[in-house]
Amino acid sequence: MRDVDLDAVRTFVAAADAGRFQDAAAELSITQQAVSKRVAALERKLGVRLFTRTARGAVPSADGQAFLPHARALLRAEERALASIGPGRRALRVDVIGRRLGPAAVLRDFHRAHPGADLDVVTFPDADTAVDAVRSGTVDASFRAVTMPGRRLPGEVGAVRAFDEPVQLLTGPSHPLAAARAVTPAELAGHRLWMPGLVTGTESAAYYDALAAAFGLTIEITGPDFGAEPLLDALAGSASLATFVGDRTRLVWPVDHDLRRIPLRDPEPVYPHSLLWHRANPHPALTALRAHLHSAHPARTDTGTWVPAWAR
């Protein structure tokens, strides 16, 4: 069946159903001569006669009758294949950086508002991989901080600042700031801020480098990154360690850890998430996602907030 022409298969099925090549031609909006040529080509390909010509028209031969159900199955498979990639039929594939992070929470909000939208959620390790995936069509959209220094997007990739996520301080119960209702970024100077999962050269590292420089902070990234749980354990047992988390980052810890999420104010640092997509992508759920972000997360004026200069 290699290289079988599906138009010829479709013509064979139409002729078998109609009983006459002339009626099949009318159904397919082609000439009777074209029907004859397609059927003859298919017979040559298969090496059998598919029809027996009679005074009334044409009826499937024994080989034609044997082939007919398989021909119908081929056409149904073609329909399913085309439907799987048609606009709105395929799941919208979105990169959210990490499943516990703010973009994943925002995408869950979108799905609650649009429960009929089929989503395929993925995570890529870095912005370069995400941009390449958007450009190639591997994903439909990606959440990234794309305005970091040196980042130039390809012309076919669109980007819009999607939402700003406030940054919080996370401490254990014995930390000197644990009882504070809010702290200013400047008050964190001299405190041990530990982010072992921060990878040099990434967009998040660029953000926190700028935050540290703006307020005279020192952020330690030393030590192996064993994941969120060991970090939370370390914070719970320390009177000096603290870290930064987004306010929509999903964290769960044992009750006896008694960790504290403390808002930062005057100014409030916010992480500038952008949405990336290919400008030629016609997926209707992508349009719905962009509209949802625009309405649910209107552009901030930056009054009372802090972002790096490259995000303004």
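Residues numbered from 1 in each chain as written. Predicted model: local features only at pLDDT ≥ 70, side-chain atom pairs only at ≥ 80, totals over all residues. Heavy atoms only, no water.

Trainee: I keep staring at the pattern of salt bridges and nothing clicks. Help me out?
Mentor: Close approach of charged atoms lets side chains of opposite charge pair. Under the counting rule described, the total for this entry stands at 18 salt bridges. Aspartate 109 is the salt-bridge partner of arginine 248, the closest N and O atoms lying 2.5 Å from each other. In this pair, arginine 248 sits in the loop between β9 (241-246) and β10 (260-263) while aspartate 109 sits in helix α5 (residues 102-113), placing the two residues 139 residues apart along the sequence. Taking the relative accessible area as the measure of exposure, arginine 248 reaches 29% and is therefore partly exposed. (Salt bridge = Lys/Arg side-chain N within 4 Å of Asp/Glu carboxyl O. Helix = DSSP H or I, 4+ residues; strand = E, 2+ residues; numbered from the N terminus. Buried < 20%, exposed > 50% of the residue type's maximum accessible area, 1.4 Å probe, protein only.)

Trainee: Could you clarify how one ought to interpret the packing of helix α2 (residues 21-28) against helix α3 (residues 32-46) in this entry?
Mentor: For any two helices packed against each other, the geometry is given by the interaxial angle and the distance between the axes. Here α2 crosses α3 at 105 degrees, and the two axes come no closer than 8 Å. Judged by the inter-axis angle, α2 sits roughly perpendicular to α3. When α2 is examined against α3, the residues Phe21, Gln22, Ala24 and Ala25 are found in contact with a partner set consisting of Gln32, Val35, Ser36 and Val39. Split into classes, the residues belonging to the contact of α2 with α3 amount to five nonpolar, three polar and no charged. (Axes fitted to C-alpha atoms, helices over the stretch in contact; angles between N-to-C directions. Parallel < 35°, antiparallel > 145°, perpendicular 65-115°, else oblique. Contact = heavy atoms within 4.5 Å. Nonpolar A, V, L, I, M, F, W, Y, C, P; charged D, E, K, R; others polar.)

Trainee: Can you walk me through the pairing of β9 in this structure?
Mentor: Side-chain direction in a regular strand flips from residue to residue, so the side chains alternate between the two faces of the sheet. Among the six residues that make up β9, six are buried, leaving the element largely enclosed by the rest of the structure. What you see with β9 is no split at all: Leu241, Thr243 and Val245 on one side and Ala242, Phe244 and Gly246 on the other are buried throughout. Pairing between strand β6 (residues 157-171) and β9: five bridges, direction antiparallel. Bridge assignment links valine 167 to a residue of β9, and that residue is glycine 246. (Pairing = 2+ DSSP bridges.)

Trainee: Please clarify how the packing of aromatic side chains should be interpreted in this entry.
Mentor: Each aromatic ring pair is summarised here by two numbers: the centre-to-centre distance and the angle between the ring planes. Applying the stated criterion across every chain, the model contains nine aromatic pairs. Measuring from centroid to centroid gives 5.4 Å for phenylalanine 21 and phenylalanine 51, while their planes differ by 80 degrees, and the two rings are edge-to-face. Of this pair, phenylalanine 21 sits in helix α2 while phenylalanine 51 sits in strand β1 (residues 51-54), placing them 30 residues apart in sequence. Plain terms: the ring middles of tyrosine 207 and tryptophan 306 are 5.6 Å apart, the flat faces sit at 65 degrees to each other, and that makes the pair edge-to-face. Of this pair, tyrosine 207 sits in helix α7 (residues 203-215) while tryptophan 306 sits in strand β12 (residues 305-306); the two residues are 99 residues apart in sequence, bridging distant segments of the chain. Comparing tyrosine 207 with tryptophan 306 shows no difference in burial state: the two are buried. Following the ring pairs from residue to residue traces out a cluster consisting of Tyr207, Tyr208, Phe215, Phe244, Tyr271 and Trp306. (Phe/Tyr/Trp six-rings, centres within 6.5 Å; stacked < 30°, edge-to-face > 60°.)

Trainee: Whenever I open this one, the pairing of β6 confuses me. Can you help?
Mentor: Burial analysis of β6 places twelve of its 15 residues in the buried class, the great majority of the element. Strand direction decides the pairing type here: β6 and strand β11 (residues 268-278), joined by nine bridges, are antiparallel. Counterpart to proline 166 in the pairing with β11 is valine 270. With four bridges joining them, β6 and β10 adopt antiparallel strand pairing. From the neighbouring strand, threonine 171 faces β10, where its bridge partner is arginine 260.

Trainee: Please clarify how the environment of leucine 42 should be interpreted in this entry.
Mentor: With respect to the helices and strands, the residue leucine 42 is situated in helix α3. Separated by 30 residues in the primary sequence, leucine 42 and phenylalanine 12 place their C-alpha atoms 8.3 Å from one another.

Trainee: Quick question: what am I supposed to make of α5 here?
Mentor: Each turn of an α-helix holds 3.6 residues, which means side chains three or four residues apart point in the same direction. The first and last C-alpha atoms of α5 sit 17 Å apart over twelve residues, in line with the 16 Å expected at 1.5 Å per residue. Lining the buried residues of α5 we find β3 (92-95), β4 (119-122), β5 (141-144), β6, β11 and α9 (284-296). (Expected span 1.5 Å × (residues − 1).)

Trainee: What is the right way to read α2 from this model?
Mentor: For α2, the complete set of buried residues consists of Phe21, Ala24 and Ala25. The arc enclosing the buried residues of α2, seen along the axis, measures out at 105 degrees, which places them on a common side. Opposite the packed face of α2, turned more than 90 degrees from it, sit the exposed residues Ala26 and Glu27. In this structure, the buried side of α2 is in contact with α1 (6-18), α3, β1 and β2 (57-60). Among the residues trailing α2, serine 29 stands out with phi positive, at a value near 60 degrees. (Arc of directions from axis to C-beta.)

Trainee: Could you clarify how one ought to interpret the layout of surface pockets in this entry?
Mentor: Empty space among the atoms becomes visible once a probe the size of a water molecule is rolled across them. The space that makes up the largest pocket amounts to roughly 1,000 Å³. Considering the residues around the largest pocket, the lining is formed by 36 residues, among which Leu101, Met195, Gly197, Leu198 and Ser204 are closest to the centre. Elements with a minimum of two residues in the lining of the largest pocket: β6, α7, α8 (228-236), β9 and β11. At four residues, the largest contribution of residues to the lining of the largest pocket is made by β9. Residues belonging to the lining of the largest pocket are distributed by class as follows: 19 nonpolar, nine polar and eight charged. (1 Å grid on protein atoms, 1.4 Å probe; cavity = no way out; pocket = protein on both sides within 12 Å on 5 of 7 lines; lining within 4 Å. Points joined across faces, edges and corners; volume = space filled by probe spheres on them.)

Trainee: Help me out: how do you make sense of the packing of α5 against α9 in this one?
Mentor: Contact geometry for α5 and α9: axes closest at 10 Å, N-to-C directions at 110 degrees. On the basis of the axis angle, α5 is roughly perpendicular to α9. Each of Val106, Leu107, Asp109, Phe110 and Ala113 in α5 lies in contact with α9, whose residues at this interface are Ala285, Ala288, Leu289, His292 and Leu293. Its residues assigned to classes, the contact of α5 with α9 comprises eight nonpolar, one polar and one charged.

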